[in-house]
Amino acid sequence: MGKLKQVADGVWVRQSEWVWSNSVVVRGDDGLILIDPGIHGSELDQLADAVDQLGVPVVAGFCTHPHWDHLLWHSRFGDVPRYATPAAAQVAAEARERAQAMAAQSASDVPLELVALLTPLPATGGPVPGEVIEHRAHAVGHATMLLADRGVLIVGDMLSDVLIPLFDVRQDDQVAAYEEALDRLDAAAGHADVVIPGHGAVAEGAQVAARLAADRAYVDALRRGEEPVDARLGPHADWLYGPHRSNQEQVRGR
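On a predicted model such as this, the values are computed, not experimentally measured, just so you know.

A. Representation of the nonpolar core. If you look at the biggest cluster of nonpolar residues, it comprises 29 residues, and the most contacted ones within it are Leu153, Val155, Met158, Leu159, Val195 and Leu212. It is helix H4 (residues 174-189) that contributes the most residues to this core, 7 residues altogether. With residues near it in sequence (within four places) discarded, Val155 still touches His142, Ala143, Thr144, Leu185, Val195, Ile196 and Pro197. One finds Ala8, Ala60, Tyr83 and Val128 within the second-largest nonpolar core, a separate group that totals 20 residues.

What follows is the structure in structure tokens.
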């Protein structure tokens, strides 16, 4: 896992080797908010060391969406509320045992008893700073956090340079859901110079528009029934072809 890197005022990112997963630390008015911390137990422990060095207490966690790799926690972060959108919190509660099983299978030394313990985000936002933007792409209750005062957009599993758009098989018409979500992210990106995806490199400046364009082109190609021309697909990432074929099948109505 890489070092904790500051990408904007009061915003830090630490990346895991597991699918280039990004743990995000945001300084709020009352303390730190940890967003999607992961992945292995040793990395969570290292993240706790790095957070301790900031000298600011952790007051909350935030989960962008209810997939197992975004539902992790460590006791060293504290017994604090871990927020998600109400829809995401409900899904996480219903699928907690499955998330624990997937974490046990794919990660090492993860505190399984702390997986998927989420609190619905109150309408006031509680200690979570900025604006939370909810959409239906990729997962139920998926959230983006816009920190307009710092020019940062935290997008969960969207706008990645290493992952194609990944459709949620449990929700109908993910093409329309993605198109709507990308419109909302595009509008939010007008207030941001830095975009932090759940997986992959942080985007800055012109890279933000390029990420939006790449995801739009991929989704548009699927809508037209064409094979996308996408740099994220290729021999270097043959493991993505399974999800890609699943996307195509969902669009075809299979």
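B. Up close: the pattern of salt bridges. The final tally for this structure, using the stated rule, is 15 salt bridges. For Arg211, the salt bridge is made with Asp161, and the minimal N-O distance between the two is 3.8 Å. Placement of Arg211 in helix H5 (residues 206-223) and of Asp161 in the loop between strand E10 (152-156) and H4 is noted, with a sequence separation of 50 residues between them. Two residues, Arg216 and Asp183, come together in a salt bridge whose shortest N-O distance is 3.0 Å.

C. Seen up close, the side chain of Thr85. Along the chain, Thr85 falls in the loop between strand E6 (82-84) and helix H2 (86-94). There is a polar contact of 2.7 Å between the side chain of Thr85 and the backbone oxygen of Gly141. Residues within four places of Thr85 in sequence aside, it is in contact with Val132, Glu134, Gly141 and Ala143.

D. Region of the structure containing empty space enclosed by the protein. For the structure on display, the rule yields 3 cavities of 30 Å³ or more. Considered as a void within the structure, the largest cavity measures approximately 80 Å³ in volume. Lining of the largest cavity is provided by 13 residues; of these, Asp157, Met158, Ser160, Leu163 and Ile164 occupy positions nearest its centre. Split by residue class, the lining of the largest cavity holds 7 nonpolar, 3 polar and 3 charged. Estimated volume of the second largest cavity: approximately 60 Å³. The wall of the second largest cavity is formed by Leu34, Pro37, Gly61, Phe62, Cys63, His70, Leu71, Leu72, Trp73, Arg82 and Leu118. The class makeup of the residues in the lining of the second largest cavity is 8 nonpolar, 2 polar and 1 charged.

The rules behind each value
Residues numbered from 1 in each chain as written. Predicted model: local features only at pLDDT ≥ 70, side-chain atom pairs only at ≥ 80, totals over all residues. Heavy atoms only, no water. Core = buried A, V, L, I, M, F, W, Y, C linked by side-chain atoms within 4.5 Å. Buried < 20%, exposed > 50% of the residue type's maximum accessible area, 1.4 Å probe, protein only. Helix = DSSP H or I, 4+ residues; strand = E, 2+ residues; numbered from the N terminus. Contact = heavy atoms within 4.5 Å. Salt bridge = Lys/Arg side-chain N within 4 Å of Asp/Glu carboxyl O. Polar contact = N/O pair within 3.5 Å; in protein donor to acceptor, adjacent residues only side chain to side chain. 1 Å grid on protein atoms, 1.4 Å probe; cavity = no way out; pocket = protein on both sides within 12 Å on 5 of 7 lines; lining within 4 Å. Points joined across faces, edges and corners; volume = space filled by probe spheres on them. Nonpolar A, V, L, I, M, F, W, Y, C, P; charged D, E, K, R; others polar.

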